[in-house]
Amino acid sequence: MDIFTQDITYCKGVGSRRADILRKELGVNTPFDLLSHYPYKYIDRSRFIYIHEINDEDTFVQIKGVISEYHTVGVGKAQRMVATFTDGHSSIELVWFRGVQYLKLQLNTPYLLFGKPSAFNHQFNFVHPELTLLSKVTPELTQGLEPYYNTTEKMRNAGLNSKALRTIIFGFKDELKQGLPETLDMDLIHQYQLMSRAQAIYSVHFPPDTPTMQRARHRLKFEELFYIQLHLLRQMKKREQNPGYIMPIVGHFFHSFYRDSLPFELTNAQKRVIKEIQADLKSGKQMNRLLQGDVGSGKTLVALLCALLAADNGYQTCIMAPTEILAQQHMQTISDLLKDTDVQVGLLTGSTTRKHRESLHAALRSGQVHILIGTHALLEDEVQFANLGLCIIDEQHRFGVAQRSKLWYKNERPPHILVMTATPIPRTLAMTLYGDLRVSVIDELPPGRKPVQTLHYTLRRSQTIYQFMQQQIEKGHQVYVVYPLIKENEKLDLQDLQNGFEELCRQFPTYRLSMIHGQMKAAEKEEQMKRFQSGETQILVATTVIEVGVNVPNASVMVIMNAERFGLSQLHQLRGRVGRGAEQSYCILLTRVELSADTRQRMDIMVATNDGFRIAEADLQLRGPGDLEGTQQSGLPFDLKIASLATDGALLETARKAAMDILDSDPLLENENHRLYKQQLNLLRVTAVNWGDIS
Ligand code: ADP
Ligand code: MG
């Protein structure tokens with residue numbers, strides 16, 4: 001049997017029905033495909049413990065002992081069997097809710113118990129444990145580690161549970177012993193002291209002991225991460241061979257703005273990233289850079305200064321924002337900053353009128369407009385530039401990759417790309433999502449900011465919060481009140497918002513309130529936002545449309561209703577709306593009284609830290625990379641079979657370095673020695689659109 005080509009249907013224990021399910025659920029066609037479905041955990045069946053050693057729920061354990069007594073409780077459907085299991089030192093309760101009538105328990109006969117303890121009424125017990133008469137336990141059962149495989153509900157319904165997969169995979173054991181071709185270079189294997197591929201795949205499914213299993217997994221993880229990094233970095237190197245617009249001049253626009261209009265000294269971090277970007281702009285290669293900086297770190301100013309550099313060299317810039325409000329705000333901020341200069345700025349969004357659009361088009365084509373600010377409307381629009389040299393994409397995670405690629409075709413040659421994100425993403429995720437971008441980080445906030453104080457209350461304490469809001473408003477500050485909006489239930493949420501708004505109007509009859517939500521017309525949103533920005537209204541009641549980027553430095557309180565319904569990075573973004581002035585600001589998280597452990601943890605993290613990177617890490621640990629904000633829309637371009645972005649950070653760094661070392665000497669893998677790598681890369685399944693030429 002050739003495990004690479006054999007149809008899985010004809011393997012022992014499969015058949016056409018199961019093969020069908022394996023294909024649909026796991027994409028498995030051949031034995032090798034199934035062998036690439038690695039176990040997600042192992043249970044050490046060679047270890048036995050005593051009852052008094054149990055200290056944890058949810059880990060499988062094995063105990064030898066006897067049943068000293070059993071009885072049934074309840075009748076009919078509620079009937080359950082309760083037994084006392086003792087290991088000679090102490091005893092523990094066993095419970096069965098189902099199949100009670102079929103249960104045949106033997107008293108005072110040695111059993112091997114296998115199961116997961118659960119805590120009930122502050123005591124541990126076992127629900128539905130597996131019991132095997134000790135006399136019937138085969139040596140094989142208690143030898144080494146037992147692998148557990150992920151299955152889907154459809155698979156389990158067809159009897160394809162973890163145990164069944166184990167049996168099928170067992171059928172490939174002899175085949176595997178004959179070995180598999182190597183997929184990494186021997187140099188690399190030696191340098192990083194890796195297990196051979198053949199041994200790794202064998203040992204990951206049939207591990208003799210824990211150290212061997214760990215080494216096997218290490219090798220497979222390394223390989224997985226290595227090839228992803230090799231792919232991303234090769235893309236980067238390839239693009240860096242693209243000629244880019246050359247912008248060597250730091251001229252009048254930049255200098256006069258810097259000298260006369262800059263409202264404050266740049267932070268050192270801002271200066272540093274501008275230097276990094278400037279070096280790219282004059283390098284002659286096309287720039288593809290990610291600018292990461294926590295909320296409020298001053299990315300807008302960096303974007304503007306870069307646009308001025310482009311203008312000095314005769315190139316236009318477009319700045320793209322994910323929402324209309326944000327685009328408008330950028331327009332306002334940037335035109336304010338530029339009011340004493342002769343730099344021309346245009347705004348293009350979905351609600352730009354036809355008439356205005358026409359004159360804007362003309363001004364762009366003639367090169368009269370230096371900076372175009374807009375939403376994704378500027379992608380769809382038949383905008384043409386005279387000389388688009390730089391694209392700046394704000395809050396990048398809001399845009400899909402496909403959208404970004406459209407920017408490309410506005411020009412004969414790809415412009416420089418600067419992607420900005422305020423959602424601090426963990427380093428591992430950055431290296432995977434943006435592994436083909438150079439990264440600049442603003443790791444410093446402008447001086448004089450006081451960290452926002454975060455407090456967590458239950459909704460029962462609303463009155464206290466209202467009083468607090470009042471105090472702050474009396475001091476001349478403004479307040480945001482945010483309600484969650486979840487797509488599936490928009491109507492109900494809008495109702496919540498409306499009720500909340502009315503309640504607040506009643507609470508604060510002498511104040512003026514604005515309201516903003518996603519269903520409003522753009523003009524109306526803008527109007528409401530303006531009233532708040534100008535200080536005409538004291539309270540802004542809103543849904544998460546304000547989450548990203550909004551800047552009203554006089555606002556000092558952010559109240560988040562039903563905070564339990566927000567993810568960590570969303571909460572952090574919202575909190576970033578305050579603390580932008582010199583005054584002490586507050587973020588108040590209001591939740592239900594009853595909270596899940598997860599939610600409580602999220603609230604605790606928010607209260608404990610303002611550090612966006614720590615929050616992003618915590619989010620990754622709590623939710624896993626697939627659910628992280630930012631990955632939902634743009635999608636992780638690779639599915640990881642064995643490595644984890646949450647826990648394999650160090651290995652990812654190593655693998656990236658290994659890939660970089662190879663590409664540094666041979667950027668396009670043209671060297672004959674690197675043929676294997678090239679072959680393997682061709683096999684790599686990239687699930688996203690080809691990121692190749694995008695950014
Ligand atoms: P973000 O990085 O979240 O986009 P913004 O660009 O909106 O942050 O900047 C947040 C606030 O900080 C703005 O009010 C801006 O004017 C101010 N700011 C930016 N840079 C500096 C600086 N170097 N010193 C003082 N304030 C600054
Ligand atoms: Mg911003």
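This one's a predicted model, so the numbers in the text were calculated from it and none came from an experiment.

Considering the overall build of the chain
Check the secondary structure of the chain and you find 25 helices and 22 strands. Over its C-alpha atoms, taken along the principal directions, the chain stretches across nearly 90 × 75 × 45 Å. Counting over 695 residues, the chain shows a buried share of 55%. Sequence-distant contacts in the chain: of pairs separated by 6 or more residues, those separated by 24 or more amount to 75%. For the chain, the computed accessible surface area is about 32,100 Å², with 48% contributed by carbon and sulfur atoms. In the chain, 78 side chains carry a positive charge and 77 a negative one; their mean positions are 2 Å apart.

Remarks on the site of ligand 1
In the neighbourhood of ligand 1, 17 residues make up the surrounding shell, with Gln270, Gly296, Lys299, Thr300 and Arg449 lying closest. Glu265 is positioned such that a nitrogen or oxygen atom in its backbone is 2.9 Å from a nitrogen atom of ligand 1. Ser297 is positioned with one of its backbone polar atoms (N or O) 3.3 Å from an oxygen atom of ligand 1. Protein chains bury 86% of the 570 Å² of accessible surface belonging to ligand 1 in isolation. Take the shell around ligand 1: its biggest share by element is three residues, from helix α11 (residues 299-312).

A closer look at the packing of helix α21 (residues 597-608) against helix α22 (residues 612-623)
At a closest axis distance of 11 Å, the pairing of α21 and α22 adopts a crossing angle of 170 degrees. The orientation of α21 relative to α22 falls into the category roughly antiparallel. Contacts between α21 and α22 involve Asp598, Gln601, Arg602, Ile605 and Met606 from the former and Ile615, Ala618 and Leu622 from the latter.

Points about the packing of helix α20 (residues 568-575) against α21
At a minimum axis separation of 10 Å, α20 and α21 run at an interaxial angle of 35 degrees. Judged by the sense of rotation from one axis to the other, the crossing of α20 with α21 is right-handed. Each of Leu568, Leu571, His572 and Arg575 in α20 lies in contact with α21, whose residues at this interface are Arg602, Met603, Ile605 and Met606. Classifying every residue of the contact of α20 with α21 by side-chain character gives five nonpolar, one polar and two charged.

Considering the pairing of strand β7 (residues 123-127)
Residues in a regular strand project their side chains so that they alternate between the two faces of the sheet. Looking at chain direction, strand β4 (residues 91-96) and β7 are connected through three bridges and run parallel. Pairing of Val95 across the sheet is with Val127, part of β7. Here four bridges tie strand β6 (residues 117-120) to β7, and the two strands are oriented antiparallel to one another. Bridging from a neighbouring strand, Ser118 pairs with Asn125 of β7. In this antiparallel pair of consecutive strands, β6 and β7, the connection spans two residues, and Asn121 shows a positive phi of 50 degrees.

Quick word on the confidence of the model for the chain
In this model, the chain carries an average pLDDT of 87, and 92% of its residues clear a pLDDT of 70 or more. No element of the chain has a lower mean pLDDT than helix α23 (residues 631-634), which averages 43, and none a higher one than helix α10 (residues 268-281), which averages 97. Note on residues 628-634: pLDDT under 50 across the span, and 24 contacts to partners over four residues away in sequence or across chains. Here residues 687-695 scores under 50 on pLDDT; set against residues more than four positions off or in separate chains, the count is 29 contacts.

Here we look at the sheet that holds strand β5 (residues 111-115)
As summarised here, the arrangement of the seven strands in space is β6-β7-β4-β3-β2-β5-β8, forming an open sheet in which the pairing is mixed. Of all the strands in the sheet, the pair left with one neighbour each is β6 and β8 (130-133). Sheet twist, expressed as the average angle between the axes of neighbouring strands with direction ignored, equals 45 degrees.

Quick word on unusual backbone geometry
Residue His128 is not a glycine yet carries a positive backbone phi of 50 degrees. Checked against the element boundaries, His128 lands in the loop between β7 and β8. Unusually for a residue other than glycine, Gln193 sits at a positive phi of about 50 degrees. Overall, the relative accessible area of 64% leaves Gln193 in the exposed class.

Observations regarding the sheet that holds strand β15 (residues 416-421)
The strand order across the open sheet built from seven strands is β12-β13-β11-β14-β15-β10-β16, with neighbouring strands paired in parallel fashion. Of all the strands in the sheet, just β12 (345-348) and β16 (438-442) have a single pairing partner and so form its edges. The mean angle between the axes of side-by-side strands here comes to 20 degrees, regardless of whether they run parallel or antiparallel. Summarising the sheet, strand β10 (residues 288-293) and β15 pair through five bridges and their orientation is parallel. Counted as the bridge partner of Leu291 is Met420 from β15. Along the sheet, α11 contacts β10, β11 (316-320), β13 (371-374), β14 (388-393), β15 and β16; its crossing angle with β14, the most-contacted strand, is approximately 175 degrees. Where helix α12 (residues 324-337) meets the sheet, its contacts fall on β11, β12 and β13, and the angle it forms with β12 comes to roughly 170 degrees.

What to know about helix α1 (residues 15-26)
Quick reminder: α-helices carry 3.6 residues per turn. Residues three or four places apart thus point the same way. When the terminal C-alpha atoms of α1 are compared, their 16 Å separation across twelve residues agrees well with the 16 Å that a helix rising 1.5 Å per residue should span. Turning to α1, its buried residues number three or more, namely Ala19, Ile21 and Leu22. Taken end-on, α1 shows its buried residues confined to a sector of 165 degrees, consistent with a single buried face. Turned more than 90 degrees away from the buried face of α1 sit Ser16, Arg17 and Lys24, all of them exposed. Buried residues along α1 sit against α2 (31-35), α3 (153-157) and α4 (162-170).

What to know about the packing of aromatic side chains
Any aromatic ring pair is given by two values, namely how distant the centres are and how the planes are angled relative to each other. Scanning all chains against the criterion turns up 16 aromatic pairs. With centroids separated by 6.0 Å and ring planes inclined at 90 degrees, the aromatic side chains of Tyr466 and Phe508 adopt a geometry described as edge-to-face. You can see Tyr466 sitting in helix α17 (residues 462-474) and its partner Phe508 sitting in the loop between α18 (490-507) and β19 (513-516), a full 42 residues away along the chain. Of the residues examined, Tyr466 reaches a relative accessible area of 9% and is grouped as buried. By relative accessible area, Phe508 is classed as buried at 3%.

Structural notes on the nonpolar core
Taken as a class, soluble globular proteins show a tendency for nonpolar side chains to be buried jointly. Leu184, Leu188, Phe222, Phe226, Leu230, Leu372 and Tyr677 are the most contacted members of the largest nonpolar core, which totals 50 residues. Two domains each provide a minimum of three residues to this core, namely domain 1 (8-40 + 169-208) and domain 3 (209-450 + 632-695). Once you skip the residues sitting within four places of it in the chain, Leu184 turns out to touch Ile189, Leu194, Arg219, Phe222, Glu223, Phe226, Tyr227 and Leu676. Ranked by size, the runner-up nonpolar core spans 44 residues in total, among them Phe254, Leu266, Cys306 and Ala311.

Topic: the environment of Gln463
Position of Gln463 relative to the elements: it lies in helix α17. Each C-alpha atom, one on Gln463 and one on Gln507, is 9.4 Å from the other, the two residues being 44 residues apart in sequence.

Let's talk about the side chain of Glu175
Looking at where Glu175 falls in the secondary structure, it is placed in helix α5 (residues 173-177). Within the buried core, Glu175 has no salt-bridge partner, and the shortest N-O distance to an opposite charge, that of Lys177, equals 11 Å. The contact partners of Glu175, leaving out residues within four places of it in the chain, are Met1 and Ile3.

Focus on the environment of Asp666
Among the structural elements, Asp666 can be located in the loop between α24 (649-665) and α25 (675-683). Since its relative accessible area comes to 5%, Asp666 is described here as buried. Counting along the chain gives 429 residues from Asp666 to Lys237, while the straight-line C-alpha distance between them is 9.7 Å. Among the polar contacts made by the side chain of Asp666, one reaches the side chain of His674 at a distance of 2.7 Å.

Conventions and cut-offs
- Residues numbered from 1 in each chain as written.
- Chains lettered and ligands numbered in written order.
- Predicted model: local features only at pLDDT ≥ 70, side-chain atom pairs only at ≥ 80, totals over all residues.
- Heavy atoms only, no water.
- Helix = DSSP H or I, 4+ residues; strand = E, 2+ residues; numbered from the N terminus.
- Buried < 20%, exposed > 50% of the residue type's maximum accessible area, 1.4 Å probe, protein only.
- Contact = heavy atoms within 4.5 Å.
- Areas by Shrake-Rupley, 256 points an atom, 1.4 Å probe, with all protein chains shown as cover.
- Lys, Arg positive; Asp, Glu negative; His and termini not counted.
- Charge placed at Lys NZ, Arg CZ, Asp CG, Glu CD.
- Near = heavy atom within 4 Å.
- Polar contact = N/O pair within 3.5 Å; in protein donor to acceptor, adjacent residues only side chain to side chain.
- Axes fitted to C-alpha atoms, helices over the stretch in contact; angles between N-to-C directions.
- Parallel < 35°, antiparallel > 145°, perpendicular 65-115°, else oblique.
- Left-handed = near helix turned anticlockwise from the far one by under 90°.
- Nonpolar A, V, L, I, M, F, W, Y, C, P; charged D, E, K, R; others polar.
- Pairing = 2+ DSSP bridges.
- pLDDT = per-residue confidence, 0-100.
- Expected span 1.5 Å × (residues − 1).
- Arc of directions from axis to C-beta.
- Phe/Tyr/Trp six-rings, centres within 6.5 Å; stacked < 30°, edge-to-face > 60°.
- Core = buried A, V, L, I, M, F, W, Y, C linked by side-chain atoms within 4.5 Å.
- Domains from an automatic or database assignment.
- Salt bridge = Lys/Arg side-chain N within 4 Å of Asp/Glu carboxyl O.

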